[in-house]
Structure formats: structure tokens, C-alpha cells
Amino acid sequence: MPIGLSFETPPLDAIAHHEAKHPELHFDYDEIMHEAHHRAFTVAKVVNLDLLGDIQESLHKAQVEGKSFEHWKKDLAPTLKSYGWYGKTEVVNP
């Protein structure tokens, strides 16, 4: 039986992996050891835990609903704008 691929089916392993991660604030992606990336959810330059949580939640929702990366980015834009974190933004390393 040939192996099939459906873009309509949520990636269950990726969703489970994502659900197991806890948000952590880090200014640079490389601030945490590579093994820690398996346990932590972080987005470089995001220094607001509420924003990080909203990004993680929106990504989880998009995965469960089987949305494309482009659709997720479009849906996330209003959230980023509400935090003043959209377009060219200067962020200072805390």
C-alpha cells in the first residue's frame, strides 16, 4: 500500500511536540542550549510573556486546524499589531 500525504490532516506528532513545550523568553535564539529547544517554546526578540503565549497559542490552533503557514501569519498579524510588535520594530536586549 503506497504511503499517502494529505495537507488536510493535522500533523499529530508535531502538535503533540508543540503542546509539551513551555514558553520561555530569550532575546536570541541561541541563548538556550539546543537540547532546551526541545522543551521550550521561544521566539527570538519576543520579550513579553503574554505575546509569546499568544503566538504559541495561535500556532497550536493553526496546526490543529491544518492551516498553512501563510494563513497563520495573516491570522497572527492583528495580535502582533495589538502589542505594537508588527513591521519594523526596535527591541532592546533586556
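Per chain, the residues get numbers from 1 upward, laid out in the order the sequence is written. Reporting in this predicted model follows two pLDDT cut-offs: at least 70 for local features of residues, and 80 or more for side-chain atom pairs to be given and counted; totals over whole chains, interfaces and linings ignore these cut-offs and use all residues. Calculation of side-chain values draws on the structure's entire complement of heavy atoms; hydrogens and water are dropped beforehand.

Undergrad: Let's hear about helix α3 (residues 69–82): which residues, and what values?
TA: Only DSSP runs of H or I with at least four residues qualify as helices, and only runs of E with at least two residues qualify as strands; both kinds are numbered from the N terminus onward. Given a helix with a known number of residues, its expected span is that number minus one, times 1.5 Å. If you check α3, its first and last C-alpha atoms are 20 Å apart, about what 14 residues at 1.5 Å a residue would give, namely 20 Å. Along its length, α3 reaches its greatest deviation from straightness, about 35°, at Leu76, and the proline Pro78 lies no more than four positions downstream. Those residues of α3 lying buried are Trp72, Leu76, Ala77 and Leu80. Elements in contact with the buried residues of α3: α2 (49–65). By definition, a residue's bend is the angle between the axes fitted to the seven residues ending there and the seven starting there. Buried residues are those whose accessible area, probed at 1.4 Å on protein chains only, stays under 20% of the maximum for their type, while exposed residues exceed 50% and partly exposed ones sit between those limits. Contacts between residues were defined by any pair of non-hydrogen atoms, one from each residue, lying within 4.5 Å.

Undergrad: Talk me through unusual backbone geometry; I want residue IDs and the actual numbers.
TA: At Lys45, a residue that is not glycine, the phi angle is positive and equals roughly 80°. Looking at Lys45, the relative accessible area reads 32%, which means it is partly exposed.

Undergrad: I'd like a description of the packing of aromatic side chains, backed by residues and values.
TA: Between 30 and 60 degrees the pair is tilted, below 30 it is stacked and above 60 it is edge-to-face, where a pair is any two Phe, Tyr or Trp rings, Trp via its six-membered ring, whose centres lie within 6.5 Å. Across all of its chains, the model carries 1 aromatic pair by this definition. For the pair Phe69 and Trp72, a centre-to-centre distance of 5.6 Å together with 40° between the ring planes defines the contact as tilted. Of this pair, Phe69 and Trp72 both sit in helix α3, 3 residues apart, which is roughly one turn of that helix. For Trp72, a relative accessible area of 14% gives the class buried. Charge-over-ring placement is defined geometrically: NZ (Lys) or CZ (Arg) within 6 Å of the ring centre, and within 35 degrees of the ring normal. The ring of Tyr86 has Lys81 lying over it, and the distance from NZ or CZ to the ring centre is 4.8 Å.

Undergrad: A description of the pattern of salt bridges should follow, citing residues and the corresponding values.
TA: Any Lys or Arg side-chain nitrogen found within 4 Å of a carboxyl oxygen on Asp or Glu counts as a salt bridge. With the rule as written, the count across this model stands at 3 salt bridges. Across the salt bridge formed by Lys67 and Glu65, the nearest N and O atoms sit 3.1 Å from each other. Residue Lys67 is classed as partly exposed on the basis of its relative accessible area, which comes to 30%. When its relative accessible area of 42% is taken as the criterion, Glu65 is described as partly exposed.

Undergrad: If you had to explain the packing of α2 against α3 to someone new, which residues and values would you point to?
TA: With axes taken as lines fitted to C-alpha atoms, and helix axes fitted only over the stretch in contact, angles between N-to-C directions fall between 0 and 180 degrees. Between α2 and α3, whose axes approach to 10 Å, the crossing angle comes to 155°. Overall, the two elements α2 and α3 adopt an arrangement that is roughly antiparallel. Considering only the axes of α2 and α3, their crossing is right-handed. Of the residues in α3, those in contact with Leu51, Asp54, Ile55, Ser58, Leu59 and Ala62 of α2 are Trp72, Leu76, Thr79 and Leu80. Residue type decides the class: Asp, Glu, Lys and Arg count as charged, Ala, Val, Leu, Ile, Met, Phe, Trp, Tyr, Cys and Pro as nonpolar, and the leftover types, Gly among them, as polar. A breakdown of the residues in the contact of α2 with α3 according to their chemical character gives 7 nonpolar, 2 polar and 1 charged. For this classification, under 35 degrees means roughly parallel, over 145 means roughly antiparallel, 65 to 115 means roughly perpendicular, and everything else is oblique. Here is the rule for handedness: rotate from the far helix to the near one, and if that takes an anticlockwise turn smaller than a right angle the crossing is left-handed, while a clockwise turn gives right-handed.

Scope: geometric values only; no functional claims are made or implied.
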